[in-house]
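Inside the fold
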Amino acid sequence: MSSIAGGETRDPRRSLDDFIVELASAGAGPVGTDLGRRLWVECAGRGRFAASVLRAATAAGVAVIPESETFAEWVAEMCPPLFLALGPGDKTAAAVLAQLSAVSETTALRALTAIADDLLGGTGFHDPEGVIDRLQGSGIVTRVDDGVRGTLLKVPTLIAAKLRHDFDVRTGAGPMVASLLEVLVEHMESPGSVEAELLSDVLLLARHGGHWSHLLRVSEAVGTPMFLLTPRTACSAFRFLPPKVRAASPGLDFFATLADSIIADTADAAPDLIRAAVLRYTGPGMLRPRLPGIREDMDQLSIRGPADGPTVAELVGSRAADRPIDVIGTIRTMIGLADAGSHSEAAEIGLRAAAKTRSARARSIVRLLTAIAFHHSAEPRRALSLLNEIEGPARSGHVDGDFLLPSTIAWTALVAAVSGDHERADTHLAESGAPSRIERAGSEAGSGAEHSEPQPEVIIDELVTPPMRIASALRALDRLDLMRADSELAALSAYPEMRTLWVYLPLIARISAILSAEAESSLLFVNDDAERFRDSGALSEAEKDLLALGRSTVFIALGQLRWAEIDRERLSPACDARIVLDVRSKLVAGRNDEAISCADTWFYHRSLSPRSRAELAAIRAAAKLRKGDEVAARSDFTMAVSLSSWVSSLLPLALLPLVDRRLLVDLTADSPVWAEAAAEFSETFATPAELTTRLRTIGPVSVDIASMPQLSAGEVQLIDFLARGLTVAEIAIELHQVTGTVKNRLSALYRKFGVSNRAEVLSRAKSFGYLA
């Protein structure tokens with residue numbers, strides 16, 4: 001079989017020269033060499049068919065463009081039936097393959113074997129390989145070499161259009177197209193990459209034939225990346241959908257709205273411009289208006305209250321029991337629940353929906369949102385388990401510019417960083433820095449456009465950049481890389497859509513300030529300024545804990561122990577930071593024996609995380625050193641350094657008061673643990689000397705002993721009585737004590753504050769944080 005440029009093959013029975021002669025003998029008139037060659041290719045060497053194409057175009061005054069699908073569809077109606085000298089089965093096979101553009105041989109075989117016998121009048125394909133060989137031998141199917149996809153099979157454009165037309169006239173193509181769509185969409189619903197040309201074919205077949213259920217399924221199987229893979233076709237397939245179709249399907253309505261926005265914003269339908277528009281219209285804050293909150297179930301629940309009926313998860317689950325999952329509706333519901341702080345319910349819905357979702361991609365997206373809900377519910381193991389399950393399929397089907405794989409990597413890094421799995425966090429953070437071709441294409445396409453704001457790297461970037469940068473900032477703090485942490489914080493501060501992830505920003509800002517502030521006023525300013533990061537969305541218990549943890553840590557560093565206690569009491573009972581903050585407060589209060597005792601009590605408790613254990617070891621070492629027990633202090637601090645290396649965080653050491661930290665570093669300077677620590681943190685410190693030097697200088701503001709009076713619970717109660725304006729007699733009644741005892745206790749309280757009357761003690765108590 002002879003071949004031509006571009007990998008096309010012709011009908012072996014007719015050379016190009018003979019083809020031109022046949023055209024002339026058929027009365028088609030003289031044809032130029034270039035047009036003759038193009039007709040020869042797209043008509044598979046059929047001279048008589050090419051002559052009828054020329055006559056039809058001449059009669060209508062239409063320019064002949066053999067490669068144009070639009071021209072081919074038009075002229076197919078003008079030409080007489082095509083004679084191919086093929087058996088009925090091979091003719092039907094040719095009509096099936098004519099529905100598709102260039103496809104792999106595997107896809108061609110899949111298409112042929114999918115067409116049921118009853119749809120073909122008993123001419124089912126029992127030897128599809130042989131059928132393809134015969135069609136190639138006749139020139140009806142040609143081979144095309146693609147640099148990326150390899151060798152593909154293709155029916156020439158004009159022949160394909162005529163085969164489609166004749167088959168539709170003869171038997172009606174609807175059932176065959178529906179059967180073909182079923183197998184192709186089912187293939188797309190399985191894990192793996194999607195061929196852009198095949199996707200384009202499926203979208204057009206479903207749209208033109210009004211196969212709305214298949215159009216919905218392919219939209220769920222491929223998702224928004226279809227606008228990146230085949231920009232023009234995706235916009236055409238979803239633009240101007242019938243109102244009834246949009247009203248009946250939230251999924252189709254979502255993509256139709258997106259297509260309308262993209263087309264309205266893109267004067268030129270160039271693929272790169274469409275891709276750039278897709279990145280903009282799925283950028284931070286852009287998708288949420290298209291997924292409005294939560295459905296009416298949430299409204300009903302908020303009115304009735306959870307005790308009056310089923311939860312949203314139960315309502316959604318019961319509705320989904322006997323019908324396919326509405327993926328867009330599920331996503332919308334989960335996001336609405338997350339906004340309301342109901343992360344556990346969102347996770348429950350996600351688990352139920354994922355189990356019933358056909359498409360691998362849609363299932364992965366629901367699982368991703370479920371993993372995020374588990375993270376917000378302080379269930380990191382379940383979150384990481386789901387993310388690990390998602391990662392493999394996300395890699396195999398990744399499309400450059402899609403969010404699924406980058407967001408899986410970013411959220412894995414964040415959950416791992418927060419839960420102490422530093423190796424996994426660092427591995428995924430290292431991978432998240434890979435550049436994106438779509439980012440470059442978007443920048444180039446947008447260089448002459450009106451939109452000058454930076455382009456996101458991926459669609460739905462709000463699921464990628466915030467968790468990735470937060471994880472990076474947290475790990476930078478662990479390494480005492482304050483420049484990197486501050487850089488990430490600045491980028492996060494400017495990011496337009498944080499949702500409840502904003503709670504990490506005050507924590508990062510406060511810890512960084514504790515380690516870097518040169519004056520107490522600077523630390524106070526950062527502590528107050530951190531409140532500007534507040535954003536929308538109800539907070540979970542774990543997120544509230546982050547806010548209280550950051551504030552309490554700052555107040556301990558300032559020696560404002562009463563304020564630190566107030567925030568510590570706001571922590572949830574399950575938060576082990578309560579223990580660490582309590583022991584740290586005892587150290588700063590100078591109650592060294594209590595700090596040691598409390599650290600001993602909790603050190604081996606199963607509820608304590610390894611990082612919290614490292615903090616307790618460091619605090620206990622400082623308390624023992626203050627008591628003059630250098631041997632025990634050295635042992636405990638050596639343990640603290642080892643644990644810090646194990647958990648890959650220097651914060652347990654760096655958050656000690658500077659005076660204590662310097663003494664402990666000097667006391668253990670000859671220990672081999674510093675070489676191990678320098679190896680663990682080699683990204684920041686080249687030698688053990690660099691590491692110990694940093695620990696001797698960082699965090700100069702943190703106080704070692706609070707100058708404020710430390711009050712017992714009874715003394716705090718006395719201050720409260722005085723603030724309420726109670727007299728000595730009234731206080732005596734409240735405490736069931738005689739007035740003389742109350743007077744003695746008040747005198748002792750005045751001496752502790754260095755004052756002599758009620759007004760002065762209330763003033764001092766307020767300044768120290770004992771009164772709001």
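Residues numbered from 1 in each chain as written. Predicted model: local features only at pLDDT ≥ 70, side-chain atom pairs only at ≥ 80, totals over all residues. Heavy atoms only, no water.

The next thing to look at is the nonpolar core. Soluble globular proteins tend to pack their nonpolar side chains together in the buried interior. With 215 residues, the main nonpolar core has Phe227, Phe238, Phe637 and Trp674 as its most contacted residues. Dropping the residues within four chain positions of it, Phe238 is found in contact with Leu203, Arg207, Leu215, Ser219, Met226, Phe227, Leu252, Phe255, Ala256 and Ala259. In this structure, Ala548, Ala564, Phe753 and Val755 belong to the second largest nonpolar core, which totals 33 residues. (Core = buried A, V, L, I, M, F, W, Y, C linked by side-chain atoms within 4.5 Å. Buried < 20%, exposed > 50% of the residue type's maximum accessible area, 1.4 Å probe, protein only. Contact = heavy atoms within 4.5 Å.)

On to the environment of Arg239, then. Along the chain, the position of Arg239 falls in the loop between helix 13 (231-238) and helix 14 (243-248). A C-alpha to C-alpha distance of 9.5 Å links Arg239 and Ser261, two positions 22 residues apart in sequence. Look past the residues within four positions of Arg239 in its chain and what remains in contact with it is Arg207, Ala259, Asp260 and Ile263. (Helix = DSSP H or I, 4+ residues; strand = E, 2+ residues; numbered from the N terminus.)

This part is about the pattern of salt bridges. By the definition in use, this model includes 50 salt bridges. In this structure, Arg551 engages Asp567 in a salt bridge whose closest nitrogen and oxygen atoms are separated by 2.9 Å. Pair noted here: Arg551 is in helix 30 (residues 541-558) and Asp567 is in helix 31 (residues 561-568), with a separation of 16 residues, a long-range link. Among the residues examined, Arg551 registers a relative accessible area of 14% and is labelled buried. (Salt bridge = Lys/Arg side-chain N within 4 Å of Asp/Glu carboxyl O.)

Let us now look at unusual backbone geometry. Comment: phi is negative for the bulk of residues other than glycine, and the bulk of peptide bonds are trans. The phi torsion at Ala44 lies on the positive side, around 55°, for a residue other than glycine. Within the secondary structure, Ala44 is located in the loop between helix 2 (33-42) and helix 3 (47-60). Notably, Leu480 is not glycine yet its phi reads approximately 60°, a positive angle. Tracing the chain through its elements places Leu480 in the loop between helix 26 (465-478) and helix 27 (482-494).

In a regular helix each residue adds 1.5 Å, so 13 residues correspond to 18 Å; helix 28 (residues 504-516) covers 18 Å between its end C-alpha atoms and thus fits that length. Of all the 13 residues making up helix 28, 12 are buried; the element is thus mostly covered by neighbouring parts of the structure. All of the buried residues along helix 28 are Tyr504, Leu505, Pro506, Leu507, Ile508, Ala509, Arg510, Ile511, Ser512, Ala513, Ile514 and Leu515. (Expected span 1.5 Å × (residues − 1).)

Regular strands place their side chains on alternate faces of the sheet. In terms of strand pairing, strand 1 (residues 142-146) meets strand 2 (residues 150-154) through five bridges, oriented antiparallel. Residue pairing in the sheet places Asp145 in a bridge with Thr151 of strand 2. Following strand 1, the chain reverses through three residues before pairing antiparallel with strand 2. (Pairing = 2+ DSSP bridges.)

What follows covers the side chain of Ser104. Within the secondary structure, Ser104 sits in the loop between helix 5 (88-97) and helix 6 (105-114). A polar atom in the side chain of Ser104 sits 3.0 Å from the side chain of Thr107. Residue contacts for Ser104: discarding those within four places in its chain leaves Arg149, Leu152 and Glu195. (Polar contact = N/O pair within 3.5 Å; in protein donor to acceptor, adjacent residues only side chain to side chain.)

The next subject is the packing of aromatic side chains. If you walk through the whole model with that rule in mind, you get eight aromatic pairs. Taking 6.4 Å as the distance between ring centres and 25° as the angle between the ring planes, the aromatic pair formed by Phe227 and Phe255 counts as stacked. Taken as a pair, Phe227 in helix 12 (residues 226-229) and Phe255 in helix 15 (residues 250-265) lie far apart in primary sequence, 28 residues in all. The residues Phe227 and Phe255 share a single accessibility class, namely buried. Note on Phe637 and Trp674: the rings are 6.3 Å apart at their centroids and 50° apart in plane angle, and the pair reads as tilted. Taken as a pair, Phe637 in helix 35 (residues 630-646) and Trp674 in helix 38 (residues 673-680) lie far apart in primary sequence, 37 residues in all. Trp674 sits in the buried class, given a relative accessible area of 2%. (Phe/Tyr/Trp six-rings, centres within 6.5 Å; stacked < 30°, edge-to-face > 60°.)

Take helix 13 next. A turn of α-helix holds 3.6 residues, and therefore any two residues three or four places apart point the same way. The buried fraction of helix 13 amounts to six of the eight residues, a majority that puts the element mostly inside the structure. Along helix 13, the positions that sit buried rather than exposed are Pro231, Thr233, Ala234, Cys235, Ala237 and Phe238. On the buried face of helix 13, the contacting elements are helix 10 (196-208), helix 11 (212-222), helix 12, helix 15 and helix 16 (271-281). One or two residues past the end of helix 13 sits Phe240, with phi positive at roughly 60°.

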